[in-house]
Protein chains: 2
Amino acid sequence: MVLRITFLGTSGTIPTVNRNPSAILINFKGERILFDCGEGTQRQMMKAKTGFRKLNRIFITHFHTDHYLGLFGLLETMSLQDRSEAIHIFGPEGISELIHVFRRLGYTNMGYPIHVHELKEGDTVEGDGYKVICCRAEHNIPCNAYAFIENDRPGKFNRKKAEKLGIPPGPLFKKLQMGEPVEINGKIIHPEEVVGNRRRGRKVVYSGDTRPSQKIVELAKDADLLIHEACFTEDLKEWAVETYHSTAKEAGEIARRSKVKRLILTHISPRYDNGEALIIEAEKEFSNVDIASDFMTIEIQYPD
Amino acid sequence: MVLRITFLGTSGTIPTVNRNPSAILINFKGERILFDCGEGTQRQMMKAKTGFRKLNRIFITHFHTDHYLGLFGLLETMSLQDRSEAIHIFGPEGISELIHVFRRLGYTNMGYPIHVHELKEGDTVEGDGYKVICCRAEHNIPCNAYAFIENDRPGKFNRKKAEKLGIPPGPLFKKLQMGEPVEINGKIIHPEEVVGNRRRGRKVVYSGDTRPSQKIVELAKDADLLIHEACFTEDLKEWAVETYHSTAKEAGEIARRSKVKRLILTHISPRYDNGEALIIEAEKEFSNVDIASDFMTIEIQYPD
């Protein structure tokens, strides 16, 4: 089942000609889930041809303009496109008031229900085949980090062994794989005889804006992909501390400590041009590092 | 003196891959004056290389998202770029609350003063060498149209006649041109003897979103350029009436009735692709019509 990440905006606080403000779209089995929605995200979605119809959930990390301003235009456009399905918007405390005020001042009458949910540390949102877990990042205003976690998958089915046990291919295979025992020639076969241990689903974690955080290490444990901000290099660490951001080296440390498979750096300042300096620094801590760019797409494969 | 119009956003309510939401930048003698600031305007300014430093005044027509959302990101970016000069923001009633709420919810601490002014019908804003006059457009929420009017210029100096009268070229020429009499060989020469009538300055009018409006005809009288919305063609007039927008034909009528020199249609729906259908329709009413496109630049010349 597809799990595709599209980077719609990868700039630092100030956008550039090449980078739009923060937005990351997950396509999971066709459902679109958006993390952050910086100014201009709807147009980035048009350019990336992601469509709007299947977007049902939007998770905002915090209310600095580069992470949420595009929300209002996107909601408006979906209304003008005759959307009728509800949308769910998640974010830290304040998101309800923000959306309420926007709708009142903009005289906005949306054609579909908008459900707003304030998320705090440890909250979990259940989706169709996945969940999103929230932890609090370490920023200078309330900011959430999010983990997208696919549900566990059934264990591997040992077809050879099943055939040896006399089970005919077909519905009984399926039954065993779903965890139910079957009877064949008067003998009960238990699923664990032919099905391996359940396999964990894929996991993608997005840090939001943050100082390096033990909570994010825990949230990102064994993730297939950690998308971590890297606003600065080590020579500007003082500035990173002051503004509650991370250096590329610190992002690498977080990736190493949480034992993720892959690290992609985002929230890229124009200081770093193509990001080479950020990669070099993060690679001192963690080997599998890339830098995000607008419209970059990553397919997350099953590890086994 | 330069009077240059740069179209930064020319889309209808929903942006497209090729058109950003509404924004029009005037460069008058180096000062930048922005009319509307749709989502993504700051990035359009970066792409158009207009700079931010010399932007001192922003006029918003109304609070539909496609006309103002980009304001907050732009204000934030200018603060992060260490701006210290004040900025003045003008709009219909509600703009003060809108900006107040945005700053509170966004925990935003701007590094420069923001002066917000609510403008009503007939209000005039005086600038350096120009004024902006506001009238109320006919939209479904409070919406202003704006006329940018350059100050009158001195009349033409009749150099030949001045020399004939025995005035030596130099400071006395200047004095006469500024409207002061001079004495030469005991004889008083009055300015009206060598200087023609004062000449009117250049004038650019922006309709905002509106049904065809007599007030806008008056506001736009004899303008060098009328930028008028044209959301629809005549076959969709019912829809135009319902949503308080104009057809291209109606925009052409307004241009004809106000005797402007040139009409540029904007707020272009993706229905009209390159806008050919809109031009054909408007040309039935008025001959000098163009369609706006993002990054299109127009220099307004002195008429005489």
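**Regarding the domain arrangement of chain A**
Then, in step 1: As far as domains go, chain A holds domain 1 (3-153 + 199-299) and domain 2 (159-193).
Then, in step 2: Centre-to-centre, using C-alpha coordinates, domain 1 of chain A lies 44 Å away from domain 2 of chain A.

**Some words on the confidence of the model for chain A**
Then, in step 1: Summary statistics for chain A give a mean pLDDT of 94 and a share of 99% for residues scoring 70 or more.
Then, in step 2: Model confidence for the complex is summarised by a pTM of 0.91, with the ipTM given as 0.88.

**Comments concerning the pairing of strand E1 (residues 3-9) of chain B**
All names here are of chain B.
Then, in step 1: Of all seven residues making up E1, six are buried, and the element is well covered by its neighbours.
Then, in step 2: Bridge count for E1 against strand E2 (residues 23-28) is six bridges, and the pairing is antiparallel. Residue pairing across strands places Ile5 opposite Ile26, the latter belonging to E2.
Then, in step 3: Bridge count for E1 against strand E16 (residues 297-299) is three bridges, and the pairing is antiparallel. By the bridge assignment for E16, Thr6 is matched with Thr297.

**Topic: the interface of chain B and chain A**
Then, in step 1: On the chain A side, the residues contacting the 40 residues of chain B number 40 residues.
Then, in step 2: The contact between chain B and chain A buries some 3,200 Å² in all, and 61% of this surface belongs to carbon and sulfur atoms.
Then, in step 3: At the junction of chain B with chain A, the criterion picks out zero salt bridges.
Then, in step 4: Viewed at the interface, chain A and chain B are joined by twelve residue pairs in polar contact (both at pLDDT 80 or more).
Then, in step 5: Listed by contribution, the elements that provide at least two residues to the side of chain B that touches chain A are helix H1 (41-47), helix H2 (65-68), helix H3 (70-80) and helix H4 (95-105) of chain B.
Then, in step 6: Each residue belonging to the side of chain B that touches chain A can be placed in one class, and the counts come to 16 nonpolar, 16 polar and eight charged.

**Examining the side chain of Thr41 of chain A**
Then, in step 1: Assignment of secondary structure puts Thr41 of chain A in helix H1 (residues 41-47).
Then, in step 2: What makes Thr41 of chain A buried here is its relative accessible area of 0%.
Then, in step 3: Setting aside residues no more than four positions away along its own chain, Thr41 of chain A makes contact with Leu8, Asn20, Ser22, Ala23 and Leu34 of chain A together with Glu39 of chain B.

**Digging into the pairing of strand E9 (residues 144-150) of chain A**
Consecutive side chains of a regular strand alternate in pointing toward one face of the sheet and then the other.
All names here are of chain A.
Then, in step 1: For E9, the buried fraction is high: seven of the seven residues fall into the buried class.
Then, in step 2: Neither face of E9 is open: one carries Asn144, Tyr146, Phe148 and Glu150, the other Ala145, Ala147 and Ile149, and all of them are buried.
Then, in step 3: In the sheet, strand E8 (residues 130-136) pairs with E9 via seven bridges, with the strands oriented antiparallel. Note that in E9 the partner of Tyr130 across the bridge is Glu150.
Then, in step 4: In this structure, E9 lies alongside strand E12 (residues 203-206), joined through four bridges in antiparallel fashion.

**A short note on the relation of the copies chain B and chain A**
The second copy of the chain is related to the first by a rotation about an axis and a shift along the axis.
Then, in step 1: Superposition record for chain B on chain A: RMSD 0.1 Å, screw rotation 180°, translation along axis 0.0 Å. Taken together, these values place the two copies in the relation of a two-fold axis. Minimal C-alpha distance to the rotation axis in chain B is attained by Gly40 of chain B, lying at 2.6 Å.
Then, in step 2: Here 100% of the interface residues in chain B have copies in chain A that are interface residues too; the copies meet face to matching face.

**Observations concerning the sheet that holds strand E7 (residues 124-126) of chain B**
All names here are of chain B.
Then, in step 1: Strands sit in the order E7-E8-E9-E12-E13-E14-E15 across an open sheet of seven strands; the sheet is mixed. With one partner strand each, in any of the chains shown, E7 and strand E15 (289-291) form the two edges of the open sheet. The sheet shows a mean angle of 15° between the axes of neighbouring strands, taken without regard to direction.
Then, in step 2: As paired strands, strand E12 (residues 203-206) and strand E13 (residues 225-229) are joined by three bridges and run parallel to one another. By the bridge assignment, Val204 is partnered in E13 with Leu225.

**Focus on the pattern of salt bridges**
Then, in step 1: Evaluation of the coordinates by the stated rule reveals 34 salt bridges over all chains.
Then, in step 2: Between Glu93 of chain A and Arg136 of chain A there is a salt bridge, with the nearest N and O atoms lying 3.0 Å from each other. Of the two residues, Glu93 of chain A sits in the loop between strand E5 (87-91) and helix H4 (95-105) while Arg136 of chain A sits in strand E8, which places them 43 residues apart along the sequence.
Then, in step 3: Under the relative-accessibility criterion, Glu93 of chain A is labelled partly exposed at 35%.
Then, in step 4: The exposure class of Arg136 of chain A is buried, given its relative accessible area of 18%.
Then, in step 5: The salt bridge partner of Lys249 of chain B is Glu285 of chain B, with a shortest N-O separation of 3.4 Å. Highlighted residues: Lys249 of chain B in helix H10 (residues 248-257) and Glu285 of chain B in the loop between helix H11 (276-282) and E15, separated in sequence by 36 residues.

Rules behind the numbers
- Residues numbered from 1 in each chain as written.
- Chains lettered and ligands numbered in written order.
- Predicted model: local features only at pLDDT ≥ 70, side-chain atom pairs only at ≥ 80, totals over all residues.
- Heavy atoms only, no water.
- Domains from an automatic or database assignment.
- pLDDT = per-residue confidence, 0-100.
- Buried < 20%, exposed > 50% of the residue type's maximum accessible area, 1.4 Å probe, protein only.
- Helix = DSSP H or I, 4+ residues; strand = E, 2+ residues; numbered from the N terminus.
- Pairing = 2+ DSSP bridges.
- Contact = heavy atoms within 4.5 Å.
- Buried area = accessible area lost by both parts, 1.4 Å probe.
- Salt bridge = Lys/Arg side-chain N within 4 Å of Asp/Glu carboxyl O.
- Polar contact = N/O pair within 3.5 Å; in protein donor to acceptor, adjacent residues only side chain to side chain.
- Nonpolar A, V, L, I, M, F, W, Y, C, P; charged D, E, K, R; others polar.
- Least-squares fit on C-alpha atoms with pLDDT ≥ 70 in both.
- Axes fitted to C-alpha atoms, helices over the stretch in contact; angles between N-to-C directions.

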